[in-house]
There are 2 protein chains.
Amino acid sequence: MDSTRAFVKNVKRVVVKVGTAVVTRDDGRLAIGRVGSIFEQLEELNSQAYEVILVSSGAVGAGRQRLKYRRLVNSSFADLQKPQLELDGKACAAVGQNGLMAIYDNLFSQLDVTSSQLLVTDNDFRNPEFRVQLSQTVNSLLALRSIPIFNENDAISTRRAPYEDSSGIFWDNDSLAALLAQELQADLLILLSDVEGLYSGPPSDPHSKLIHTYIKEKHQGVTFGDKSRVGRGGMNAKVKAAVTAAHAGTPVVIASGFAADNIRKVLHGERIGTLFHKDADSWIQLTEVGAHELAVAARECSRRLQGLPSGDRRKILLDMADSLEANESLIKVENDTDVDVAQRAGYDESLVSRLTLKPGKIAALAKSIRTLADMEEPIGRILKRTELADGLILEKTSCPLGVLLIVFESRPDALVQIASLAIRTGNGLLLKGGKEAKRSNAILHKLITAAIPDTVGEKLIGLVTSREEIPDLLKLDDVIDLVIPRGSNKLVSQIKNSTKIPVLGHADGICHVYVDKSADMDMAKQIVLDAKIDYPAACNAMETLLVHQDLSTNGGLQVLVEELQHEGVTLYGGPSASSLLQIAVAHSFHHEYNSRVCTIEIVQDVHAAIDHIHKHGSSHTDCIVTEDTEVAEYFLRQVDSAAVFHNASTRFCDGARFGLGAEVGISTSRIHARGPVGVEGMLTTRWILRGTGQVVDGDKGVIYTHKNLSPEL
Amino acid sequence: MDSTRAFVKNVKRVVVKVGTAVVTRDDGRLAIGRVGSIFEQLEELNSQAYEVILVSSGAVGAGRQRLKYRRLVNSSFADLQKPQLELDGKACAAVGQNGLMAIYDNLFSQLDVTSSQLLVTDNDFRNPEFRVQLSQTVNSLLALRSIPIFNENDAISTRRAPYEDSSGIFWDNDSLAALLAQELQADLLILLSDVEGLYSGPPSDPHSKLIHTYIKEKHQGVTFGDKSRVGRGGMNAKVKAAVTAAHAGTPVVIASGFAADNIRKVLHGERIGTLFHKDADSWIQLTEVGAHELAVAARECSRRLQGLPSGDRRKILLDMADSLEANESLIKVENDTDVDVAQRAGYDESLVSRLTLKPGKIAALAKSIRTLADMEEPIGRILKRTELADGLILEKTSCPLGVLLIVFESRPDALVQIASLAIRTGNGLLLKGGKEAKRSNAILHKLITAAIPDTVGEKLIGLVTSREEIPDLLKLDDVIDLVIPRGSNKLVSQIKNSTKIPVLGHADGICHVYVDKSADMDMAKQIVLDAKIDYPAACNAMETLLVHQDLSTNGGLQVLVEELQHEGVTLYGGPSASSLLQIAVAHSFHHEYNSRVCTIEIVQDVHAAIDHIHKHGSSHTDCIVTEDTEVAEYFLRQVDSAAVFHNASTRFCDGARFGLGAEVGISTSRIHARGPVGVEGMLTTRWILRGTGQVVDGDKGVIYTHKNLSPEL
């Protein structure tokens, strides 16, 4: 649930308004499919003990359609030659109301819902007694679980255009809905429209964004979203009605009536349409426009950062390290509070452990930042240098990617690692940490950004604090260059499925150890145990042990099984292993246990092992244990994974252990960066060409030499 | 339109069958929204002079719901304690039929459609007279534009379960629909279901694919898709009915009735649901299952290719080159035919020019293949070598990406270039060329794959021939590693928007030349002209000329303008330039003209030029012309584009001119490869770790040394 929509938990009485544009089609006829799905949702609410009140319009349109048809049927050919007079609105309303209500009644009956019709005019509301009585009538109807359907009694109303008059009671069905929401003390008013809600600009402009929460001081005067085909109403009227009702205390959501599930979603607190709420102005929040601004600011700061001399970037890192050490006690206070809250909330031990900044951690972080500060400048490195023609020199140089979005869970030290890597590589950064670490993240972010000079701007590193902003950020494929999720498989998959921005990471870590017939069995035992139990929750832990068939008859397999069981590892078997070892059958070979559980299977030889790995693995890290160099080299050459090991534990697959310094994550994708990703994965390249006026001129402009030059100047 | 659906162009009479699962909800009540949207589509067809016949079921369900309610209302508390007897099906049908038809009539009336009810039993069809009369009745109704609604007369039918009996006339509403389609000589039967169509496996299994066209010999016995909640029917019955009707000559589409637009889409020839057609078995086509098989085969072949010794891969390329030269006349015949057909079809000159393999082209291609064959082996190169600990050596090595999908237009020589790059880099390839080059592509593909040895397999390079297969291929993010579109902006954007596979390429090429105040004006003139007119349709041609403001007063700007106009270049201006030069205002600064048209704007200085480029450019290639080295270096450092030039034409941004050999395209994305992409962009890396039994053991297992070693062994 969107936190700004939390109020829906207490909603009981709901007024839903459907306008002409929603209930009719382009040709003026009733949009039966759309009306039907709205009615089904209302029936569902009604059966869930919500009190549902419907405000409908569309009678004039429906009547006009019907009268036109009649006139056509009754016309002579000569009649039809004459210009057609516009039909009288009152007449249309009288005819339309009839047909509309008949079909509404019929549709609701089909759903076992008793509906009731209430036609009102603004004059009625001038009478205080009417207002009391109306409220009583509606209460009685709702007590009987009947859905009251309100409509302006257009056929007898004496008001004429311009409809909005000084009486200020109501002047269209939007203001009627707002009025009823107040009179009947509704908890929520939903205005269904033919667009998604209120937009920051014309909906046809791709830069326009849907406004999720209307903030008066920010959005006043914005009335985009208006493309109402028919009727009065339109977005202007809706916003006005919504502001009035919200001010009087009834929250309002303007949402599309064209989507089959929107009423349900609004009541589930999903961020559908535009919310108007009297407290919205005081909500401190990052709106969707804010997300874009944040990303653009990070990009601008990153461009300034990369424009600095190398020494200045180094100095930022050294200042960061000093500041973290100087403020260790401050950090500790915030982190202790996070840990305390998490413990009291009953979070599991492993999360609390990841959350805790243990003694010495700040010093270790400061040390790693200083190591990073002292590494060779990664930006602007000349990777390749070619003379294309006389006086025309091409260089391929390293440069920052731009703006990275990192979504990480629990560990506040990840914030420091990633931020220091970003500064070293000249990148802007948007960080979204876990809410359990919010105080730790906030203080670390504050200390880090304080070290960034004004010439760059502290917005280089943005801290995103609420989960709802992620969908907005994931839409910004024009500003954000790479997303790195660090967390559960589910998080990674969700992000991959919901963005066009490239995602670097891995969803699964299904790592294999294959023990060949020629393995040194003592070594195999050590490696298998370490790969499984050193840290079972890690992505580089072994999930499947493949064993050469010869070991099943010479006792080798038995030794491995006993060792694993001795360490409390639960074993599941593939078809061969389960029958031989009398253990339970593994449900799937593509399963990441993340605990002291492991699948075992017996394979015919190294070829079968490789086939198994290609078929069921996740191309993360796979290992062979063998004394036969030829078999080992074949395995190393053929296995198509990010990391392939011979006689070493899969647990070595890690940025720090690989000597890359800090790591932003491990990638199993084949594009850009693969395996543990450090500084290199945060850089891209740029081609720099220096000439003296050369032109191509159909390739007759220069004589190509294509001479490789030394990258060192 | 999908080519297999071309028959819809001649469809006039359509039978649409909606089953219980479609017209009712989970609770047995009518799904009014769904029924409504189906009716709206039928009304639309009816008004477009299609002849629409509806076969409906759902009466039993609707009646059961209604009777249960009645029984509840009439029950005493004691009654309700007793076990509830199942209601009689016949009674339910009698009650339900009534209510169902009332609501159908009402809904259709609302849409100004007159519907008519026809209840039939299998017995009726035993009478030949009835069959003649039925046909006449339906013809009369259709002539009056009334929609006949058929249903089995369950209330009086004497058949009992098992319903499918030896009479073989009909036994459920699916077989009734098939029977009516034949009796009434319909041109199309649409069976609406609660799933998308027939699946190759259980729909819950992510590996199951929707079968778009049922091929008897391939799919016989497949009945997945069945999850019907209610009623008889189910996918088994639908497939049986569909096979029968299709065999008798009426094409059938099984599609979901849950999507609001499916009937319309089916009649537009879109590939919705599963098609049954009597000629389907003889259609030679790549089905969606075929697309997956093609990609998997390419991956398997690529793994064998990279397993070959380097010399063997070199030999394939040399054989390819020889074969192309030896068969030049054969290639010419096919290419001439393509060119001839294109000319007669009135394709524009530039397309015909790109399509033509000019004299000497084959020799040039063969030469470039031989150059590629002789280049240093790109696979397995050790890019980095580190000793992690004593006896534990880590290598970062180059390796193929896997399977690439290349979508290219017109130029058949691109096929040869890309295929040779793929073989050099050990990648599998799926190629989709333009249909105008189909003969040329076919012969080139044949000659190239003939050079691939059986130990690798000719499926290494798949040629995809029809456009409809692209959507299927773009779904295969589990097998295809990279998509490279080479064609129009529109093609690139479409592909980027419709796949999760990484896309390498560029949508726009908005390249700038900025002429600084200190420019050598003769040089500026040469570069500006070359950048604009050497090949205006190229992505690296200049679209916007930015000029320092000082040049607008010292005559420099005037010289550039006159030169461009002299070459027939049409000029548009930004706000400053248009008023000063009295030229038309440019509609947008982000516009790729691709012709002798160009935007000009005057900027204050190099900073303003860079801001303009960042704001309006596409990060492709941007150039500064200046004699001031300091300004030049500032520009080269700050401009955030794939290629940044000083005093050289933007037209140099090209794989061949950069000395990369053949190129697969130019990338403006920041991930993986940037600018012209040759061999390097078709490779990724793999980490190889060789140990002697080392384990991590909480990082106490080894003493890390992290010593950089020379990559050369």
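Taking an unreviewed UniProt entry as the reference, chain A is identified by name as Delta-1-pyrroline-5-carboxylate synthase belonging to Nyssa sinensis. We quote the UniProt Function (unreviewed entry) comment for chain A here in full: "P5CS plays a key role in proline biosynthesis, leading to osmoregulation in plants."

Attention now goes to the overall build of chain A. Counting its regular elements, chain A contains 24 helices and 23 strands. Looking at the 713 residues of chain A, the share that counts as buried comes to 57%. For chain A, long-range pairs separated by at least 24 residues make up 74% of all intrachain contacts whose partners lie at least 6 apart in sequence. Summed over its atoms, the accessible surface of chain A is roughly 29,100 Å², and 50% of this surface lies on carbon and sulfur atoms.

Attention now goes to the sheet that holds strand β12 (residues 461–464) of chain B. Residue and element names in this part refer to chain B. Pairing is parallel in the open sheet, where four strands are placed in the order β12-β11-β10-β13. Of all the strands in the sheet, just β12 and β13 (482–486) have a single pairing partner and so form its edges. Pairs of neighbouring strands in the sheet enclose a mean axial angle of 15°, with direction left out of account. Where strand β11 (residues 428–432) and β12 come together, four bridges link them in parallel fashion. Its bridge partner being in β12, Leu431 is matched across the sheet by Leu463. The strands touched by helix α19 (residues 489–497) within the sheet are β10 (403–408) and β13, with β13 carrying the most contacts at an inclination of about 160°.

All names here are of chain A. With the rule as written, the count across this model stands at 81 salt bridges over all chains. The partner of Asp413 in a salt bridge is Lys361, and the shortest N-O contact between them spans 3.4 Å. You can see Asp413 sitting in helix α16 (residues 412–424) and its partner Lys361 sitting in helix α15 (residues 361–374), a full 52 residues away along the chain. Its relative accessible area of 4% is what places Asp413 among the buried residues.

Each partner contributes residues to the interface: chain B has 92 residues there, and chain A has 92 residues. In total, chain B and chain A occlude about 7,900 Å² of area from one another, counting both sides; carbon and sulfur atoms represent 51% of this. Of all residues in chain B, the largest losses of buried area upon contact with chain A belong to Gln110, Arg670 and Trp687 of chain B, amounting jointly to 9% of the total for that side. On inspection of chain B and its partner chain A, the count reaches 15 salt bridges. Note that Glu43 of chain B is salt-bridged to Arg25 of chain A, the shortest N-O span being 2.9 Å. Taken together, chain B and chain A are joined by 61 residue pairs in polar contact (both at pLDDT 80 or more). Bridge count for strand β19 (residues 643–648) of chain A against strand β22 (residues 683–694) of chain B is five bridges, and the pairing is parallel. Within the sheet, the bridge partner assigned to His646 of chain A lies in β22 of chain B and is Arg690 of chain B.

To continue, consider the relation of the copies chain B and chain A. The operation relating chain B to chain A is a screw motion whose rotation component is 180°, with 0.2 Å of axial translation and a residual RMSD of 0.5 Å. One copy is carried onto the other by what is essentially a two-fold rotation axis. Judged by C-alpha distance, His672 of chain B is the residue of chain B that lies nearest the rotation axis, at 1.9 Å. Most of the interface of chain B is mirrored in chain A, where 100% of its interface residues are also at the interface.

All names here are of chain A. Parsing chain A into structural domains produces domain 1 (3–285), domain 2 (289–381 + 392–496) and domain 3 (511–668). Counting residues at the interface gives seven residues for domain 2 and six residues for domain 3. Roughly 600 Å² of surface becomes buried between domain 2 and domain 3 when both sides are summed, with 57% attributable to carbon and sulfur atoms. The interface formed by domain 2 and domain 3 holds zero salt bridges in total. Seen at the junction of domain 2 and domain 3, the total is one residue pair in polar contact (both at pLDDT 80 or more). Broken down by secondary-structure element, the contributors of at least two residues to the side of domain 2 that touches domain 3 are α16 and β13 (482–486). Sorting elements by how many residues they give to the side of domain 2 that touches domain 3 places α16 first, with three residues.

Residues and elements named next belong to chain A. Within strand β6 (residues 252–256), five of the five residues are buried, leaving the element largely enclosed by the surrounding structure. Along β6, one buried face is formed by Val252, Ile254 and Ser256 and the opposite face, lined by Val253 and Ala255, is buried too. One ladder, built from five bridges, connects strand β5 (residues 188–193) with β6; its direction is parallel. By the bridge assignment, Leu192 is partnered in β6 with Ala255.

The geometry of a pair of packed helices is captured by two quantities: the angle between their axes and the separation between those axes. All names here are of chain B. The N-to-C vectors of helix α13 (residues 328–344) and helix α17 (residues 438–450) enclose an angle of 160°; their axes lie 7 Å apart at closest approach. What the angle tells us is that α13 and α17 run roughly antiparallel. The two elements α13 and α17 cross, and the hand of that crossing is left-handed. Each of Leu330, Ile331, Glu334, Asn335, Thr337, Asp338 and Val341 in α13 lies in contact with α17, whose residues at this interface are Lys438, Arg439, Ser440, Ile443, Leu444 and Leu447. Here the residues of the contact of α13 with α17 are counted per class, giving six nonpolar, three polar and four charged.

Next up on the list: the nonpolar core. One finds Leu429 and Ile461 of chain A together with Leu429 and Ile461 of chain B to be the most contacted residues of the largest nonpolar core, which totals 100 residues. Those residues within four positions of Leu429 of chain A in sequence are excluded, and the remaining contacts are Ala298, Leu404, Ile406, Ile418, Ala419, Ala422, Leu460, Ile461 and Gly462 of chain A. Counting residues in each nonpolar core, the second largest holds 76 residues, with Val11 and Val14 of chain A together with Val23 and Tyr104 of chain B among its members.

Our focus in this paragraph is the packing of helix α15 (residues 361–374) of chain B against helix α16 (residues 412–424) of chain B. Residue and element names in this part refer to chain B. Running from amino to carboxyl end, α15 crosses α16 at an angle of 15°, the nearest separation of the two axes being 10 Å. When the axis of α15 is compared with that of α16, the two are roughly parallel. Of the two elements, α15 crosses α16, and the hand of that crossing is right-handed. Within the contact between the two elements, α15 uses Lys361, Leu365, Ile369, Leu372 and Ala373 and α16 uses Asp413, Val416, Gln417, Ser420, Leu421 and Arg424. A breakdown of the residues in the contact of α15 with α16 according to their chemical character gives six nonpolar, two polar and three charged.

Right, let's talk about the environment of Thr692 of chain A for a bit. With respect to the secondary-structure elements, Thr692 of chain A resides in strand β22 (residues 683–694). Measuring from C-alpha to C-alpha, the distance between Thr692 of chain A and Asn427 of chain A comes to 32 Å, with 265 residues separating the pair along the chain. Those residues in contact with Thr692 of chain A that sit more than four places away from it in its chain are Gly391 of chain A together with Met523 and Asn647 of chain B.

This brings us to the side chain of Ser116 of chain B. For Ser116 of chain B, the position within the fold is in strand β3 (residues 115–120). Beyond its immediate chain neighbours, meaning those up to four positions away, Ser116 of chain B contacts Leu141, Ser146, Ile147, Pro148 and Ile149 of chain B.

In this section: the sheet that holds strand β18 (residues 621–625) of chain B. Reading across the sheet, the ten strands line up as β23(A)-β8(A)-β9(A)-β22(A)-β19(B)-β18(B)-β14(B)-β15(B)-β17(B)-β16(B) and stay open at both edges, with mixed pairing between neighbours. Both edges of this open sheet fall to β23 (707–709) of chain A together with β16 (570–573) of chain B, since each of them pairs with a single strand only. Mean inter-strand twist for the sheet, computed between neighbouring axes without regard to direction, equals 25°. Of the strand pairs in this sheet, strand β14 (residues 511–515) of chain B and strand β15 (residues 542–548) of chain B are connected by five bridges, and their pairing is parallel. Within β15 of chain B, the residue paired with Cys511 of chain B across the bridge is Met542 of chain B. Across the face of the sheet, helix α20 (residues 521–533) of chain B comes into contact with β22 of chain A together with β14, β15, β17 (597–603), β18 and β19 (643–648) of chain B while running at roughly 170° to β14 of chain B. Sitting on the sheet, helix α24 (residues 629–638) of chain B touches β22 of chain A together with β14, β18 and β19 of chain B, and the angle it makes with β22 of chain A is about 150°.

Moving on to the confidence of the model for chain A. Residues and elements named next belong to chain A. For chain A, per-residue confidence averages 87 on the pLDDT scale, and 88% of positions sit at 70 or higher. Summarising per-element confidence for chain A, the mean pLDDT is lowest in helix α4 (residues 77–81) (64) and highest in strand β14 (residues 511–515) (98). Overall, residues 226–232 carries pLDDT values under 50, and its contacts beyond four positions in sequence, including any with other chains, amount to 23 contacts. Under a pLDDT of 50 for its full length, residues 284–288 has, in the predicted model, 13 contacts with residues more than four places off or in other chains. This complex was scored by the predictor with a pTM of 0.71 and an ipTM of 0.71.

Reading the values: the criteria
Residues numbered from 1 in each chain as written. Chains lettered and ligands numbered in written order. Predicted model: local features only at pLDDT ≥ 70, side-chain atom pairs only at ≥ 80, totals over all residues. Heavy atoms only, no water. UniProt positions renumbered as here; feature names shortened; annotations may be inferred. Helix = DSSP H or I, 4+ residues; strand = E, 2+ residues; numbered from the N terminus. Buried < 20%, exposed > 50% of the residue type's maximum accessible area, 1.4 Å probe, protein only. Contact = heavy atoms within 4.5 Å. Areas by Shrake-Rupley, 256 points an atom, 1.4 Å probe, with all protein chains shown as cover. Pairing = 2+ DSSP bridges. Axes fitted to C-alpha atoms, helices over the stretch in contact; angles between N-to-C directions. Salt bridge = Lys/Arg side-chain N within 4 Å of Asp/Glu carboxyl O. Buried area = accessible area lost by both parts, 1.4 Å probe. Polar contact = N/O pair within 3.5 Å; in protein donor to acceptor, adjacent residues only side chain to side chain. Least-squares fit on C-alpha atoms with pLDDT ≥ 70 in both. Domains from an automatic or database assignment. Parallel < 35°, antiparallel > 145°, perpendicular 65-115°, else oblique. Left-handed = near helix turned anticlockwise from the far one by under 90°. Nonpolar A, V, L, I, M, F, W, Y, C, P; charged D, E, K, R; others polar. Core = buried A, V, L, I, M, F, W, Y, C linked by side-chain atoms within 4.5 Å. pLDDT = per-residue confidence, 0-100.

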